[in-house]
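Spelled out, the chains give:
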Amino acid sequence: VSSPATPLPKEGPLLRYCFFFSVAVLFWSFVGGLVYLLAVQRSLPLQVDGLDEARRRVARKDLKGALREYRSFTHVSPFEIRGFQEMGEILLQERRYDEAAAAFEAALRIRRQSAVTLARLADARVAQGRYADAIALYETALPLAAEKARPDLHNDLGRAYALDGDFERAIQEFSAALALAPHKEAAANRERAMADRARVVRSAEAAP
Amino acid sequence: VTTAVSALPAPVGAPTLRVGRAFVHPAFDLFIIGGGLSLIFTVLLLAGTREPVLQVLTPWLALLVLLSNSSHFAASTVRLYTKPDAPRELRFLVMGFPLVVLGVLTAAIAFPERLGSALMTLYLTWSPFHYSAQAYGLALMYSYRSGCALEAGEKRALRLACLAPFFAVLAAGRGVGLDWLSSGGLLAGPSADSARLWLVTLFGWVTVGVPLGVFLRLLWARRTTLPLISLCVVVSNGVWLIALNRLDAFAYATIFHGLQYLAIVSIFHVKDRLREPGNRRGWAWHTAGFYLACLGLGYLLFQVWPFAYVLLGFGLAESALLVTAIINLHHFIVDAYIWKLRQDANYRIVTDAV
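Residues numbered from 1 in each chain as written. Chains lettered and ligands numbered in written order. Predicted model: local features only at pLDDT ≥ 70, side-chain atom pairs only at ≥ 80, totals over all residues. Heavy atoms only, no water.

> In this structure, what is going on with the overall build of chain B? I would like to understand it.
Along the backbone of chain B there are 15 helices and zero strands. Within the span of chain B, comprising 354 residues, buried residues form 55% of the whole. Taking contacts inside chain B between residues at least 6 apart in sequence as the whole, the part at least 24 apart equals 78%. (Helix = DSSP H or I, 4+ residues; strand = E, 2+ residues; numbered from the N terminus. Buried < 20%, exposed > 50% of the residue type's maximum accessible area, 1.4 Å probe, protein only. Contact = heavy atoms within 4.5 Å.)

Next up, the structure:
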């Protein structure tokens with residue numbers, strides 16, 4: 001690229017100072033950025049994502065730092081679903097169920113039809129002991145989910161029914177999971193639910 | 001590319017369907033600048049070949065974004081600082097505006113919750129307008145190059161068709177337009193969703209129907225019709241902002257938009273360079289030089305600049321997001337000036353073939 005055809009005008013020293021100051025700041029910003037990348041990260045990325053640092057901290061088990069990064073991301077870009085989804089996952093792992101549920105709810109306000117987010121919010125609700133809410137969420141997620149995710153969702157829904165005490169529906173859901181694909185966990189859960197149902201029937205019969 | 005082409009002469013031609021008068025080659029102008037390639041891509045996504053197409057392209061997405069989208073943002077800056085007469089005619093933009101940009105960015109990163117999110121919203125709202133303005137400018141530019149003189153009402157109709165996808169994004173986009181105004185409260189329900197979807201469909205039809213209407217009107221009046229490139233530019237813009245958005249493939253729309261921009265800005269740059277007295281290089285040299293400058297600057301701006309703020313102690317999340325936002329905003333503003341067609345070099349390039 002050749003230099004500009006018309007040289008910068010001589011008049012207007014303030015504008016000239018502004019320009020040269022900006023160029024200097026930008027030049028040293030690039031130098032500083034390159035030094036940081038080469039010295040600290042030891043790589044030149046092809047693409048920088050605002051969530052990169054949060055993910056790096058998760059990998060280093062620095063969950064507090066990761067959550068700080070996720071919060072910064074969601075504050076600046078509150079309409080991007082990824083930040084809330086990933087933050088919810090971390091909070092769920094950390095067993096901070098109320099905060100995890102709040103993160104997934106925020107994600108759902110951005111994309112109401114996200115099967116993954118609905119299912120994760122349902123997982124948080126199960127952990128909170130809010131089984132009826134969880135069941136409703138799993139049932140909303142099921143028709144929206146990809147085919148390969150459905151066996152897991154049927155299994156999760158069955159588990160929520162079982163925890164809610166509805167063993168009949170739980171067995172139906174575990175069976176639905178097994179009908180779609182071989183699923184060890186659903187098979188074991190169905191056995192357990194059938195045993196629980198039998199125990200409930202026996203105790204009901206034994207009651208005066 | 002917001003052109004002010006009303007001052008251009010009004011040539012007369014035969015009422016036929018033509019590709020249009022190309023800058024490079026009809027196929028190149030139609031598929032790259034006109035967006036024809038993106039229409040083929042969208043058909044592939046809709047035709048049940050979505051999975052294999054995305055499977056092939058997704059691993060290359062970051063590289064494609066760098067080669068096309070990041071470079072196109074840098075291209076407006078490179079063009080500004082190499083355009084003949086820009087330092088004289090656009091003094092503040094050339095010399096003072098970078099400091100404003102640096103100041104706003106630093107303030108936004110320092111106060112991400114108050115300023116940063118507002119900057120993000122401004123960028124997200126302006127972005128579809130910028131796409132639409134570029135489409136309008138290109139459509140009009142090609143129509144004039146191809147000898148199609150539009151009346152004021154026809155221009156308004158064409159502008160409406162170009163802006164319709166922008167209105168669709170305002171109606172249904174997350175975090176912009178209605179969503180931003182209502183803060184997700186008033187318009188957060190299934191009935192509101194279906195109303196917004198209806199608006200998107202309506203604007204989609206406006207994008208396709210109105211230019212077609214203008215074309216038929218010209219045909220009926222036996223005047224020179226809109227060239228195919230102009231029609232393709234308008235429809236592509238609608239496809240990018242509406243269809244690819246809904247297909248969760250907007251990242252590819254940014255690549256096509258970048259490609260379109262890089263092509264047209266390179267043409268203008270190269271024509272300026274070739275016209276310079278004493279020029280000894282050919283078009284390939286100037287094209288390669290311009291593109292490499294854009295690629296290098298694009299890399300430094302998007303992938304390196306955020307880490308300067310990280311080095312100063314700010315988080316990568318706010319630095320990366322807000323650097324992206326400010327580069328976009330700088331591009332939108334610079335773009336609004338460098339394409340003005342006064343009686344200058346741009347004007348000569350557009351009209352040289354008419």
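From this point, the discussion proceeds with the structure in view.
> What is the right way to look at the nonpolar core in this model?
As a rule of thumb, soluble globular proteins bury nonpolar side chains together. Ranked by internal contacts, the top residues of the largest apolar core, which has 118 residues, are L226, I264 and W305 of chain B. Leave out the neighbours within four places in its chain, and W305 of chain B touches L26, S29 and F30 of chain A together with L102, L105, L300, V323, I326 and I327 of chain B. Of all hydrophobic cores here, the second largest spans 18 residues; its members include Y131, V176, A253 and F256 of chain B. (Core = buried A, V, L, I, M, F, W, Y, C linked by side-chain atoms within 4.5 Å.)

> Looking at this structure, I do not really get the interface of chain B and chain A. What am I missing?
Buried accessible area, meaning the area lost when the parts come together, often serves as the stated size of an interface. Taken together, the contact between chain B and chain A spans 55 residues of the former and 49 residues of the latter. The contact between chain B and chain A buries some 4,400 Å² in all, and 71% of this surface belongs to carbon and sulfur atoms. For the chain B face of the interface with chain A, the top three residues by lost area are R91, M95 and F307 of chain B, together amounting to 16%. Note that R112 of chain A and D193 of chain B form a salt bridge whose closest N and O atoms lie 2.9 Å from each other. At the boundary of chain B and chain A, one finds eight residue pairs in polar contact (both at pLDDT 80 or more). Counting only elements with at least two residues in the side of chain B that touches chain A, the list comes to α4 (61–82), α6 (91–110), α7 (112–145), α12 (250–275), α13 (283–311) and α14 (316–338) of chain B. If you tally residues by element for the side of chain B that touches chain A, the top one is α13 of chain B, at 15 residues. (Buried area = accessible area lost by both parts, 1.4 Å probe. Salt bridge = Lys/Arg side-chain N within 4 Å of Asp/Glu carboxyl O. Polar contact = N/O pair within 3.5 Å; in protein donor to acceptor, adjacent residues only side chain to side chain.)

> Would you mind showing me how to read α7 of chain B here?
In an α-helix, one full turn covers 3.6 residues, which means residues spaced three or four apart are oriented alike. Residues and elements named next belong to chain B. If you check α7, its first and last C-alpha atoms are 46 Å apart, about what 34 residues at 1.5 Å a residue would give, namely 50 Å. Among the 34 residues that make up α7, 25 are buried, leaving the element largely enclosed by the rest of the structure. Just downstream of α7 lies G147, where phi reads positive at about 85 degrees. (Expected span 1.5 Å × (residues − 1).)

> Looking at this model, I keep getting lost on the packing of aromatic side chains. Mind explaining?
Note on aromatic pairs: each is described by the distance of the centres and the angle between the planes. Residue and element names in this part refer to chain B. Counted by the stated rule, this structure contains 18 aromatic pairs over all chains. An angle of 75 degrees between the planes, with centres 5.6 Å apart, marks the rings of F23 and Y142 as edge-to-face. On the criterion of sequence distance, the pair formed by F23 in the segment before α1 (26–33) and Y142 in helix α7 is long-range, its members being 119 residues apart. The residues F23 and Y142 share a single accessibility class, namely buried. Through pairs of rings, three or more aromatic residues link up here, namely F23, Y142, Y261, F268 and W339. (Phe/Tyr/Trp six-rings, centres within 6.5 Å; stacked < 30°, edge-to-face > 60°.)

> Help me out: how do you make sense of helix α7 (residues 131–144) of chain A in this one?
Residue and element names in this part refer to chain A. Counted at 1.5 Å a residue, the expected span for α7 with its 14 residues is 20 Å, and the 20 Å between its end C-alpha atoms agrees. All of the buried residues along α7 are A134, I135, L137, Y138, A141 and L142. Angularly, the buried residues of α7 cover 165 degrees about the axis, an arc narrow enough to put them on a single face. Among the exposed residues of α7, those pointing more than 90 degrees away from its buried face are A132 and P143. At its buried positions, α7 is contacted by α6 (115–128), α8 (150–163) and α9 (167–180). (Arc of directions from axis to C-beta.)

> Quick question: what am I supposed to make of the packing of helix α1 (residues 13–41) of chain A against α6 of chain B here?
Each pair of packed helices gets described by two things: the angle between the helix axes and the distance between those axes. Viewed as axis vectors pointing N to C, α1 of chain A and α6 of chain B meet at an angle of 50 degrees, and their least axial separation amounts to 8 Å. Regarding the angle of α1 of chain A to α6 of chain B, the classification is oblique. Both α1 of chain A and α6 of chain B take part in a crossing whose hand is left-handed. Residue-level contacts link L15, R16, C18, F19, F21, S22, V25 and L26 of chain A of α1 of chain A to R91, F92, V94, M95, G96, P98, L99 and L102 of chain B of α6 of chain B. (Axes fitted to C-alpha atoms, helices over the stretch in contact; angles between N-to-C directions. Parallel < 35°, antiparallel > 145°, perpendicular 65-115°, else oblique. Left-handed = near helix turned anticlockwise from the far one by under 90°.)

> What should I look at first to understand the pattern of salt bridges in this one?
It is possible for side chains of opposite charge to pair when their charged atoms get near one another. Counted by the stated rule, this structure contains 27 salt bridges over all chains. Close ionic contact of D49 of chain A with R55 of chain A constitutes a salt bridge, the shortest N to O distance being 3.4 Å.

> Explain the environment of V208 of chain B to me, please; I cannot follow it from the model alone.
Structurally, the position occupied by V208 of chain B is in helix α10 (residues 190–220). On a C-alpha basis, the gap between V208 of chain B and L231 of chain B in space is 8.7 Å, while along the polypeptide they are 23 residues apart.

> Hey, could you run me through the side chain of R145 of chain B in this one?
You can see R145 of chain B is positioned in helix α7. Among the polar contacts made by the side chain of R145 of chain B, one reaches the main-chain carbonyl oxygen of A22 of chain B at a distance of 3.1 Å.

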